[in-house]
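# Observations on the three-dimensional arrangement
Listed below are the residues making up each chain.
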Amino acid sequence: MAILAQSDIRNNSGDVIYRNVGGIIRMQILEHSPNTSISGSANGTLFSVSFTKLLSASESNIIVESHIWGHGANSGVSGPYLEISGSGNRDYNHTYQYEGGQGNTPIHGMSWWTTLGAGSHTITAGWSPNNGSSGESPFTTLNTNQGQSDSRYRKHVSRLLVMEVVK
Amino acid sequence: MILGATTVTDNSGKTVLTTSGSILKYEEFYRNNEIALSSSSNGTHWTVTFNKLYNSSTSYLIVKVKLAMAMRYNGNCGHGISWNGSFDSNQNIDYRFDNLDYSDNPVFGIAENKSLGVGNQTIAIRWIPADGGSNLPSYYENPGNGRGDGRRRNNGSVIQVWEVKL
């Protein structure tokens, strides 16, 4: 089978590590587990986590998939996002289903950054409604504890799936 | 430049250059046969087996789950992942609940385990309510065409497993 596009990525010894454009060279889960009460606001942050990018901006992109578990209804729409510190690039392609009853309110989505250099980066999850409305939030509790507000609950943790892919 | 590149040896004795986070193996499990579920204090959606290539000092597993569910029952039942029969209750796998009969209520999330050895690993997606009560997320997994709503198309479930360099 022919490989249509290649990008030679080599280590210091000159060995080819991964050549396929779009190939994943690093995959990891970033976790945030503390139970946190979330107050309504015109904007706010849920948590921040850090990772290390292996290659330069010209060599690789970063894909991040969000799996953020909340509970308790507050706002049906509140502009959830992921942002990488210093990138000037906040991404709102993350959504949640508003459920006013007993169910969860998970935030789920995918971001794609193409201009990040090698080294450490911090991802922040938060919310910021488009109209600046105050008192908003996607939910009232992040990472419910076991039995919190509902005896059936297990402990929840929020995770981001981070993939670095070759350009 | 790759930071911190290391090597592993595959089954044929070849040396593979990797770095932390490199994917050593990938397998995807899929099924779309409709399954009727019953309320339980100890339920299992699906069990799959993944043959891990390396020991826990070399690699770990990342699992991503999406189970198609329809016809709501309870809004909360204590979901999680079970590794070789051990239930991980500190978890990221649960379901979205819409309190309407015809809505989809998919189970989804991601998990990782860094303590598994080489060889077959049994991975199960389960619900075990913390209070021991009898519960059920939805009546049907992989709902078939027309199930509960004439508009519905059959929808399948996926479990993806990556073996990743530690």
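For the structure, see preceding data.
A brief look at the structure comes next.

So, how was this worked out
- Residues numbered from 1 in each chain as written.
- Chains lettered and ligands numbered in written order.
- Predicted model: local features only at pLDDT ≥ 70, side-chain atom pairs only at ≥ 80, totals over all residues.
- Helix = DSSP H or I, 4+ residues; strand = E, 2+ residues; numbered from the N terminus.
- Buried ≥ 20, exposed ≤ 12 C-beta atoms within 10 Å, placed from the backbone.
- Contact = placed C-beta atoms within 7 Å.
- Pairing = 2+ DSSP bridges.
- Nonpolar A, V, L, I, M, F, W, Y, C, P; charged D, E, K, R; others polar.
- Axes fitted to C-alpha atoms, helices over the stretch in contact; angles between N-to-C directions.
- Core = buried A, V, L, I, M, F, W, Y, C linked by C-beta atoms within 7 Å.

Moving on, we come to the overall build of chain B. When its secondary structure is counted, chain B shows zero helices and 14 strands. With the C-alpha coordinates aligned to their principal axes, the bounding extent of chain B is approximately 55 × 35 × 30 Å. Taking all 166 residues of chain B together, the buried fraction comes to 37%. The contacts in chain B between residues at least 6 apart in sequence include a share of 75% that link residues at least 24 apart.

Time to look at the sheet that holds strand β4 (residues 35-36) of chain B. Residue and element names in this part refer to chain B. Strand order in this open sheet of three strands is β4-β13-β7, and the pairing throughout is antiparallel. Whereas interior strands pair on both sides, the edge strands pair on one side only; in this sheet they are β4 and β7 (69-72). Where β4 and strand β13 (residues 138-141) come together, two bridges link them in antiparallel fashion. From the neighbouring strand, A36 faces β13, where its bridge partner is Y140.

We now examine the interface of chain A and chain B. In this assembly, 34 residues from chain A lie in contact with 36 residues from chain B. When residues in the side of chain A that touches chain B are grouped by element, the largest group, six residues, is from strand β3 (residues 24-32) of chain A. By residue class, the composition of the side of chain A that touches chain B is 12 nonpolar, 14 polar and eight charged.

Further remarks concern the sheet that holds strand β11 (residues 107-113) of chain A. All names here are of chain A. The five strands lie next to each other as β3-β14-β6-β11-β10, forming an open sheet whose pairing is antiparallel. A strand with exactly one partner marks an edge of an open sheet, and here the two such strands are β3 and β10 (94-96). Each strand of the sheet is rotated relative to its neighbour by a mean of 10 degrees, with strand direction disregarded. In terms of strand pairing, strand β6 (residues 60-68) meets β11 through seven bridges, oriented antiparallel. The residue bridging V64 from the neighbouring strand is S111, located in β11.

With that settled, the discussion passes to the nonpolar core. Proteins that are soluble and globular tend to have nonpolar side chains buried together. All names here are of chain B. Core analysis: the largest hydrophobic core is formed by 43 residues, its most contacted members being L61, I62, V63, V65, V107 and V161. Sorting elements by how many residues they give to this core places strand β6 (residues 59-67) first, with six residues. In this structure, V65 is in contact with I93, V107, F108, G109, I125 and I159, ignoring residues within four places of it in sequence.

Residue position: N92 of chain B is located in the loop between β9 (86-88) and β10 (94-95). Along the backbone, N92 of chain B and G80 of chain B are 12 residues apart, and their C-alpha atoms lie at a distance of 7.2 Å. Apart from residues no more than four positions distant in its own chain, N92 of chain B is found in contact with H67, W69, V157, S158 and R159 of chain A together with G109, I110 and A111 of chain B.

Moving on, we come to the pairing of strand β12 (residues 119-127) of chain A. Residues and elements named next belong to chain A. Where strand β5 (residues 44-53) meets β12, nine bridges bridge the pair, whose relative direction is antiparallel. Residue pairing across strands places K53 opposite G119, the latter belonging to β12. Pairing between strand β8 (residues 80-84) and β12: five bridges, direction antiparallel. Bridging across to β12, I84 finds its partner in I123.

Note that every value here comes from positions in space, so none of it alone points to a role or purpose.
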